[in-house]
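A look at the structure
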Amino acid sequence: MSVSWATSSPAELRAHHARDAEERAGPLPEDVSESAVEEAGAFRGGLLFTPPDPAAGVAIVYFHGGGFVAGSPATHRCVTAWLAKLTGMRVLSARYRLAPEHPFPAQRGDAVAACAALAADRLVLAGDSAGACVALWGLRGLDPEKRAQVAGLALLYGGFGGIEGGSIARRGTAENGLDSETLSIMYRRLGPAAQDAWPLDFAGEVLEPTYVLAAELDAVFDDSAQLFQRLGSRADSRFVVTAGQDHGFLKAAGRDPAALRELQALAGWVKDRVGSAGAASDMTLI
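Residues numbered from 1 in each chain as written. Predicted model: local features only at pLDDT ≥ 70, side-chain atom pairs only at ≥ 80, totals over all residues. Heavy atoms only, no water.

**Some points on the overall build of the protein chain**
Along its length, the protein chain carries 10 helices and 10 strands. A compact globule built from 286 residues would reach a C-alpha radius of gyration of about 19 Å, and the protein chain, at 17 Å, matches this within 12%. Each principal axis of the C-alpha distribution contributes one length, and for the protein chain these read about 50 × 40 × 40 Å. A fraction of 78% describes how many contacts in the protein chain between residues 6 or more apart in sequence connect residues 24 or more apart. Of the roughly 11200 Å² of accessible surface on the protein chain, a fraction of 50% belongs to carbon and sulfur atoms. Within the protein chain, the 34 negative side-chain charges are centred at a point lying 1 Å from the centre of the 26 positive side-chain charges. (Helix = DSSP H or I, 4+ residues; strand = E, 2+ residues; numbered from the N terminus. Rg over C-alpha atoms; globule rule 2.2 N^0.38 Å. Contact = heavy atoms within 4.5 Å. Areas by Shrake-Rupley, 256 points an atom, 1.4 Å probe, with all protein chains shown as cover. Lys, Arg positive; Asp, Glu negative; His and termini not counted. Charge placed at Lys NZ, Arg CZ, Asp CG, Glu CD.)

So this is what it looks like as structure tokens:
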């Protein structure tokens, strides 16, 4: 094994993760534009994906996966571009600081700043793997006025703090980095402050409609199942299991029909949530 999520350096893991994302990625939708958003103050910047005739006043803020140590808006552009295409909404794929150089709560602060950078009436917070955790941290850090704008959350095969359990025992390996030992190391990279901030412990505070997607063959499947069961309200929420798929499968959207089907289903749910929120004005970046 040339790269170990437990022992390799952050630079090695980031290079490995970027190569893996490039190898998995399918073609991007041709009619979705991509533009770089520069860092400004506490906002770390990112990539903005805009479909033709985007819905007014609404936006999706997306946080990438990568075990908190790797990944970027660029490594997840296939997911976010297709999400923009299928929802008809702008998607801001937000950059956040990575561990171990930047311990928690840096990630929470960056998620809050990304939400504040959008002058939109309604927001959907989304993320995959570690990014699903970052989305929940961001939600928890919003002030009441900004949180009231959140129409829903989309949490895709997230890692929410669990380090043992049935799915980890069955599916976790040192190679995929999702065995108990490696997960413990991964989470410790965030520093001691993160140990009291895992979503599995505060899921009861989440009252917003939440779409939780779990991959059947994923080692952290139980994290998604437990999080859904612990949500403070499951009205309008949905727990979806994708049969025969593993962690990270959405990176192949545009090439893998199963990935595209799941994003289409998610897009329908997102549009229903935003549509039920009423009319909205145009959306801009502050």
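Having put the structure on the table, let's press on.
**With respect to the packing of helix 2 (residues 77-87) against helix 10 (residues 257-275)**
Contact pair helix 2 / helix 10: the axes reach a minimum separation of 9 Å and the direction vectors enclose 50°. Taken as axis vectors, helix 2 and helix 10 run oblique relative to one another. At the point where helix 2 passes helix 10, the crossing takes the right-handed sense. In this structure, helix 2 contributes Val-79, Trp-82, Leu-83, Leu-86 and Thr-87 to the contact, and helix 10 contributes Leu-260, Leu-263, Gln-264, Leu-266, Ala-267, Val-270 and Lys-271. Grouping the constituent residues of the contact of helix 2 with helix 10 by class yields 9 nonpolar, 2 polar and 1 charged. (Axes fitted to C-alpha atoms, helices over the stretch in contact; angles between N-to-C directions. Parallel < 35°, antiparallel > 145°, perpendicular 65-115°, else oblique. Left-handed = near helix turned anticlockwise from the far one by under 90°. Nonpolar A, V, L, I, M, F, W, Y, C, P; charged D, E, K, R; others polar.)

**Things to note about the confidence of the model for the protein chain**
For the protein chain, per-residue confidence averages 95 on the pLDDT scale, and 96% of positions sit at 70 or higher. Low pLDDT, under 50, characterises residues 277-281; the stretch is placed with 8 contacts to residues that sit more than four places away or in other chains. (pLDDT = per-residue confidence, 0-100.)

**Some details on the sheet that holds strand 9 (residues 238-242)**
Reading across the sheet, the 8 strands line up as 1-2-4-3-6-7-8-9 and stay open at both edges, with mixed pairing between neighbours. Every other strand in the sheet has two partners, leaving strand 1 (33-37) and strand 9 as the edge strands with one partner each. Taking the axes of each pair of neighbouring strands and ignoring which way they run, one obtains an average angle of 20° across the sheet. Pairing geometry for strand 2 (residues 46-50) and strand 4 (residues 90-94), over 4 bridges, is antiparallel. Each bridged residue has a counterpart across the sheet, and for Phe-49 the counterpart in strand 4 is Val-91. Helix 3 (residues 106-116) contacts strand 3 (58-63), strand 4 and strand 6 (122-128) of the sheet and is inclined by roughly 160° relative to strand 3. Contacting strand 7 (150-156), strand 8 (210-215) and strand 9, helix 9 (residues 221-230) runs over the sheet at an angle of about 155° to strand 8. (Pairing = 2+ DSSP bridges.)

**Structural notes on the environment of Phe-68**
Mapped onto the fold, Phe-68 is located in the loop between strand 3 and helix 2. Sequence-distant contacts of Phe-68, defined by excluding residues within four places in its chain, comprise Leu-98, Ala-99, Ala-130, Cys-133, Val-134, Trp-137, Tyr-187, Leu-190 and Trp-198.

**What about the nonpolar core?**
Where a protein is soluble and globular, its nonpolar side chains tend to be buried together. One finds Phe-63, Phe-68 and Trp-137 to be the most contacted residues of the largest nonpolar core, which totals 54 residues. The element best represented in this core is helix 4 (residues 130-141), accounting for 8 residues. The residues contacting Trp-137, other than those within four sequence positions of it, are Phe-68, Phe-104, Gln-107, Arg-108, Leu-190, Ala-197, Trp-198, Pro-199 and Phe-202. Counting residues in each nonpolar core, the second largest holds 35 residues, with Leu-83, Ala-84, Val-91 and Ala-154 among its members. (Core = buried A, V, L, I, M, F, W, Y, C linked by side-chain atoms within 4.5 Å. Buried < 20%, exposed > 50% of the residue type's maximum accessible area, 1.4 Å probe, protein only.)

**Things to note about the state of the cysteines**
Applying the stated criterion across every chain yields a total of 0 disulfides. In this model Cys-115 remains outside any disulfide bridge; the closest cysteine sulfur is found in Cys-133, 14 Å from its own. Judged by its relative accessible area of 0%, Cys-115 is buried. Classification of Cys-133 as buried rests on a relative accessible area of 0%. (Disulfide = S-S within 2.5 Å.)

**Some remarks on the pattern of salt bridges**
For the coordinates displayed, the defined rule picks out 10 salt bridges. The closest approach of N and O atoms between Arg-147 and Glu-208, which form a salt bridge, is 2.7 Å. Taken together, the residues span a long stretch of sequence, with Arg-147 in helix 5 (residues 144-147) and Glu-208 in the loop between helix 8 (199-202) and strand 8 at a distance of 61 residues. By the burial criterion, Arg-147 is buried, and Glu-208 matches it. Residues joined in a network through salt bridges with shared partners are Glu-39, Arg-44, Arg-97 and Asp-110. (Salt bridge = Lys/Arg side-chain N within 4 Å of Asp/Glu carboxyl O.)

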